[in-house]
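# Coordinate inspection notes
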Amino acid sequence: MVSEANEFGKSTFFDALHALFFEKYSSGGKPVKSLQPYSKGAVEVAAEIETDDGFFRIEKRFLSRSAARVSRLSDGALIAQDDEAERWISTLLGTAADGPAGLLWVRQGLVGLEPDSKPEQARLTEARRDLLSSVSGEIDAMTGGRRMDRMMRRVAEDLKPLVTATGKPTGVWRALNNDITTMEGELATLNAQVTLLEDALSGRKQAEGQLARLNQAGANIRRAAAVSAAQTAYDGATAHAGRVEAAAQARDLAALQHRTARGNLDQFLKAVEALAAADAAALATKKTAEDAATEAARLHSLQDTAQGAKANAAAAVASRRSALESARQQAEARAARTRAQDLHTQLQKIEQAQGDHDKALARVTASGATPEWLQNVEAAKDAVTKQEAALTAQSVTVSVAYSGDTRVTRDGAELPDREPVTLSGATELTLPGIGQMSLDLPQSGQGARAELIRCKAALGDLLGQAGATTLRDARALAAERTEAEQSVGLALAILKTLAPDGAETLRAAKAIADLAAQAAHDDPLPPLGELEEALAQAQTLDQTAQNALAQANAEHTTAREAAILARAAAQTATSALERAQVDAGPAEAQDATRADLIRVDAQSTQELDDRSGALEDLRAEAPDLATAQAELTRAKDAVQGAVTQHQQLSVRVAEYSAEIRTHASNSIEALRDDLSGQLDSARADEARFAHKAAALTRLQTALEAERSAARDTYFGPVQAELKPLLAILYKDAGLHFDSDSLLPAGLTRADTAETFDNLSGGTQEQIAILTRLAFARLFARQGRHMPIVLDDALVYSDDDRIVKMFTALTRVASDQQILVFTCRTMAFADLGGDRPQVTVRDQMDGA
């Protein structure tokens, strides 16, 4: 079995095997081309087989350089090639080139007995007929077997001039038959309408009869009486159920009273036993409590003595610890005074550095002479210089050195002192006290002059942003800003060094030190070592006293707890004695109490037995409440059903009446009789054409009748093979075959016959596969061991049937090769058999 997922190529394996055995190597038909890869090229298929003569390898190449080869695996010898190889395969299969594959090989999607193709159906029918005729030797003696087959083919050849290959008349006979067919169709339509009319009349009569029976006198009364009787029975059953429930409650109450009486008796007997035990325990615990109290008093006196010694030792420790603590506090106060002085000096340095930082930061903030600004000023100055150079190259430069207050003007504007002025074009200068000077100079471009003005304006704007007037001023302001930024950085570094956690932290530390230094004085201090040694000696004496006190406390606590426990035990024993006395009652009344409790227990036992018996009697006599309720429901449903049926029958009578009126108005009976006469005349004309064909047909019918009479014997071999296989699925079931198709036509189960088409899809599929297994067995009996190939079969079988089909396959596979391809890995896990490892290689790997 090959079990793989969908699209793995299982159906392709099936098609490849079919092509190898049943397609000629020279074929280029659809079955071969369907195997061709997407990259085109040749199709190569090979398989190794086992026959009675040994192991062989069959190879075929299709479409390109077509070839066929058969070689023996034992020594590699070439047995046959090309057409000879095809004949070798045909001889191996024992049949024509197409072979019996359709009988034994089931393609994916084919679940019935035959394929849809008519030619394929005819070919497979002939294959089955040859097989059955060849294996049923006794049929030859009875019906001629193959001889009858040849005779029937001869009759068919004689009929050919009269009828078509499909058995239909030709020429005038066919035209007459067409007319007859048309008239028969019309007559059938009229007959159908007449039948509808007759059915409507019959249906109305039947419905009216049913209405009459429903309306018979006393029918409704009987149904009502049945409802009343059922209601009475149900009410009686309900009442009896109530009595049973009351009896059960009385039984439960008696059981409770019995348990109470028995409990009281048991409790009294236990109380009497407990009274004797409690009396002895009270005497014993009283003596133990008195002894424990004496021992506790003695140990309490020893505890008081140890407590006094501990108090004296503790006072000595406290005095020496106080002296040591005072000395240590004074030392700490003097250290805090020194620390406060150091912090004061450090804070002064921080305040100085903070002031330097704030001043430098203010200078940086106030200055707009950033490096970027200076870079922009120098770029603007370069632009002015370049523009002036370009303008100078086109103009005349004039420089005036004044010696007095008089100034030369141009267009009302004074020329600057000792600064070059560029002049171009027609220019007029005013010389005070002298007059006007007209100059005719080369004309410079107006665009260059405007650009120079723009560049100077831009330079002036940049210089004004930081309060500078010249480039030198700008560079000086930028240097001052850089120096201020460096001062800010230095001040921050100093502050970080002096106060890494901030000045406020130092101020808080100084405040703490000042507070601690308030207790400092300059009086002499005793050595701390001497004070510590004295304290250690006092603590040693205190620990000794503490140990003695702890031992005394423990011994006293143990004795006191023992006394308490003994006293509690005595009290408990006394209380138990008192409770036992109360539970048992006075000694003089105990015998009478015991007798009363025993009597009450016996009475409650009898009452419980009586109540239980009464309950069982009621339950034994109880009618079946569910049955009574079901009978009541049935009777009520019968009444309602009669009403509903009466309404439905009334509607049906009305519908039949309407249909009868419709058909009666068309005079269909007269039309039918007229057309029937025309048809009889046409059939008489057709008779002379059918005379010769009739004789041949009668002969053919006689031969078919003879074959039908021997059908059971004819199908005996395949039925013998099918019987044990069919018994796996259905006990005592049988198949009957169609004499034309030679395939199962129906199934009989439990004396019930069913046609093949009426069976479920799963049952049809299972019978189709079992039939193929039986035909394979017939081939094997002839020495033709044909493999059975199933591609995704048993798709409609349930879990139980598929396991039984696995058993049938395994039974046949004991001496027959069966190949199963399936994608249903889980469903076919129980099939058994061999599961070959299939490896699909890519064409690039040479596969």
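Residues numbered from 1 in each chain as written. Predicted model: local features only at pLDDT ≥ 70, side-chain atom pairs only at ≥ 80, totals over all residues. Heavy atoms only, no water.

## With respect to the overall build of the protein
- When helices and strands are tallied, the protein shows 21 helices and 17 strands.
- For the protein, the proportion of its 847 residues judged to be buried stands at 33%.
- For the protein, the proportion of contacts with a sequence separation of at least 24, taken over those separated by at least 6, is 72%.
- With the model as given, the accessible surface of the protein reaches about 50,200 Å², and the carbon-plus-sulfur share is 53%. (Helix = DSSP H or I, 4+ residues; strand = E, 2+ residues; numbered from the N terminus. Buried < 20%, exposed > 50% of the residue type's maximum accessible area, 1.4 Å probe, protein only. Contact = heavy atoms within 4.5 Å. Areas by Shrake-Rupley, 256 points an atom, 1.4 Å probe, with all protein chains shown as cover.)

## Some points on the sheet that holds strand E2 (residues 43–51)
- Strand order in the open sheet formed by four strands is E2-E3-E4-E5, with antiparallel pairing between adjacent strands. Of all the strands in the sheet, the pair left with one neighbour each is E2 and strand E5 (78–81). Pairs of neighbouring strands in the sheet enclose a mean axial angle of 15°, with direction left out of account.
- Inspection of the sheet shows E2 paired to strand E3 (residues 54–62) by nine bridges, in the antiparallel sense. Bridge pairing in E3 places Glu48 opposite Arg57.
- Each of E2, E3, strand E4 (67–72) and E5 is contacted by helix H3 (residues 83–93), which is oriented at about 105° to E5, the strand it contacts most. (Pairing = 2+ DSSP bridges. Axes fitted to C-alpha atoms, helices over the stretch in contact; angles between N-to-C directions.)

## Considerations on the sheet that holds strand E12 (residues 435–440)
- With antiparallel pairing, four strands are arranged side by side in an open sheet as E9-E8-E11-E12. Every other strand in the sheet has two partners, leaving strand E9 (413–414) and E12 as the edge strands with one partner each.
- Strand direction decides the pairing type here: strand E8 (residues 409–410) and strand E11 (residues 426–431), joined by two bridges, are antiparallel. Across the sheet, the residue bridging to Thr409 is Thr430, located in E11.

## Notes on the pattern of salt bridges
- Counted under the stated rule, the structure contains 21 salt bridges.
- A salt bridge links Lys60 to Glu86; the nearest nitrogen and oxygen atoms lie 3.0 Å apart. In this pair, Lys60 is assigned in strand E3 and Glu86 in helix H3, connecting sequence segments 26 residues apart.
- When its relative accessible area of 2% is taken as the criterion, Lys60 is described as buried.
- A salt bridge links Asp75 to Arg72; the shortest N-O distance between them is 3.0 Å. (Salt bridge = Lys/Arg side-chain N within 4 Å of Asp/Glu carboxyl O.)

## Details of the packing of aromatic side chains
- A complete count under the given rule lists two aromatic pairs for this structure.
- Ring centres of Phe21 and Phe22 lie 6.3 Å apart, and the angle between their planes is 50°; on these two criteria the pair is classed as tilted. The two residues Phe21 and Phe22 agree in class, both being buried. (Phe/Tyr/Trp six-rings, centres within 6.5 Å; stacked < 30°, edge-to-face > 60°.)

## Quick notes on the environment of Arg835
- Along the polypeptide, Arg835 turns up in the segment after strand E17 (818–822).
- Owing to a relative accessible area of 40%, Arg835 belongs among the partly exposed residues under this scheme.
- The sequence separation of Arg835 and Leu819 amounts to 16 residues, and the corresponding C-alpha distance is 9.9 Å.

## Considering the pairing of strand E15 (residues 752–755)
- Here strand E14 (residues 744–749) runs beside E15; their pairing, made up of four bridges, is antiparallel. In the strand pairing of E15, Gly746 is matched with Thr755.

## Some points on the nonpolar core
- Counting residues in hydrophobic clusters, the biggest one holds 34 residues, and the most contacted among them are Ile769, Leu770 and Leu773.
- Every element with two or more residues in this core is listed here: helix H19 (716–729), strand E13 (734–737), helix H20 (761–781), strand E16 (788–791), helix H21 (799–813) and E17.
- Setting aside residues no more than four positions away along its own chain, Leu773 makes contact with Leu725, Ile788, Ala808, Leu809, Val812 and Ile818.
- With 27 residues, the next largest nonpolar core counts Ala16, Leu17, Val43 and Ile49 among its residues. (Core = buried A, V, L, I, M, F, W, Y, C linked by side-chain atoms within 4.5 Å.)

## Here we look at the packing of helix H9 (residues 219–366) against helix H15 (residues 590–621)
- Two elements in contact, H9 and H15, have axes whose closest approach is 8 Å; the angle formed by their N-to-C orientations is 160°. When the interaxial angle is binned, H9 and H15 end up roughly antiparallel. Crossing handedness for the pair H9 and H15: left-handed.
- Of the residues assigned to the contact of H9 with H15, the class counts are 18 nonpolar, nine polar and nine charged. (Parallel < 35°, antiparallel > 145°, perpendicular 65-115°, else oblique. Left-handed = near helix turned anticlockwise from the far one by under 90°. Nonpolar A, V, L, I, M, F, W, Y, C, P; charged D, E, K, R; others polar.)

## What about the environment of Ala80?
- The topology assignment puts Ala80 in strand E5.
- Among all residues touching Ala80, those that are not within four sequence positions of it are Ala68, Arg69, Val70, Ala85 and Trp88.

## Considering the environment of Gln719
- Within the fold, Gln719 resides in helix H19.
- The class for Gln719 is partly exposed, based on a relative accessible area of 27%.
- Separated by 55 residues in sequence, Gln719 and Ala774 place their C-alpha atoms 8.0 Å apart.
- When sequence neighbours within four positions are dropped, the list of residues in contact with Gln719 reads Leu735, His736 and Phe737.

## Some points on the packing of H19 against H20
- The contact between H19 and H20 brings their axes to 9 Å, and the two run at 140°. Looking at the two axes, H19 sits oblique to H20. In this structure, the crossing between H19 and H20 has a hand that is right-handed. Of H20, the residues touching H19 (which contributes Pro717, Val718, Glu721, Leu722, Leu725, Leu726 and Leu729) are Gln766, Leu770, Thr771, Leu773, Ala774, Phe775, Arg777, Leu778 and Arg781.

## Focus on H21
- Relative to the 21 Å expected for 15 residues at 1.5 Å per residue, H21 spans 21 Å between its end C-alpha atoms, a close match to the ideal helical length.
- Within H21 the residues assigned to the buried category are Arg801, Ile802, Met805, Phe806, Ala808, Leu809 and Val812. For H21, the buried positions fall inside an angular range of 165° around the axis, keeping them on one side.
- For H21, the elements touching its buried residues are H19, E14, H20, E16 and E17.
- A distance of 3.2 Å separates the backbone nitrogen of Asp800 from a side-chain oxygen at the start of H21, and that oxygen is part of Asp798. (Expected span 1.5 Å × (residues − 1). Arc of directions from axis to C-beta. Polar contact = N/O pair within 3.5 Å; in protein donor to acceptor, adjacent residues only side chain to side chain.)

## Side note on unusual backbone geometry
- The backbone of Asp82 shows a phi angle near 55°, a positive value even though the residue is not glycine.
- Position of Asp82 among the secondary structure elements: in the loop between E5 and H3.
- According to the relative accessible area criterion, Asp82 is partly exposed, its value standing at 24%.

## Looking at the pairing of E16
- Of the two faces of E16, both are covered, the one formed by Ile788 and Leu790 as well as the one formed by Val789 and Asp791.
- For E16 and E17, the ladder comprises four bridges, and the chain directions are parallel. Its bridge partner lying in E17, Val789 is registered against Leu819.

## Some points on H20
- Over its 21 residues, H20 runs 31 Å from end to end, which matches the ideal 30 Å to within 8%, given 1.5 Å per residue.
- With 18 of 21 residues buried, H20 is to be regarded as a mostly interior element.

## Some words on the confidence of the model for the protein
- Residues at a pLDDT of 70 or more form 87% of the protein, whose mean pLDDT is 79.
- By mean pLDDT, helix H6 (residues 137–143) is the weakest element of the protein at 41, and E4 is the strongest at 94.
- A low-confidence stretch, residues 137–144 stays under pLDDT 50, and its non-local contacts, those more than four residues away or across chains, total 14 contacts.
- Low pLDDT, under 50, characterises residues 843–847; the predicted model gives this stretch four contacts beyond four residues in sequence or across chains. (pLDDT = per-residue confidence, 0-100.)

## Notes on the side chain of Asp542
- By the secondary structure assignment, Asp542 is in helix H14 (residues 528–584).
- Since its relative accessible area comes to 16%, Asp542 is described here as buried.
- The contacts of Asp542, once residues within four sequence positions are left out, are Lys310, Ala313, Ala314 and Val317.

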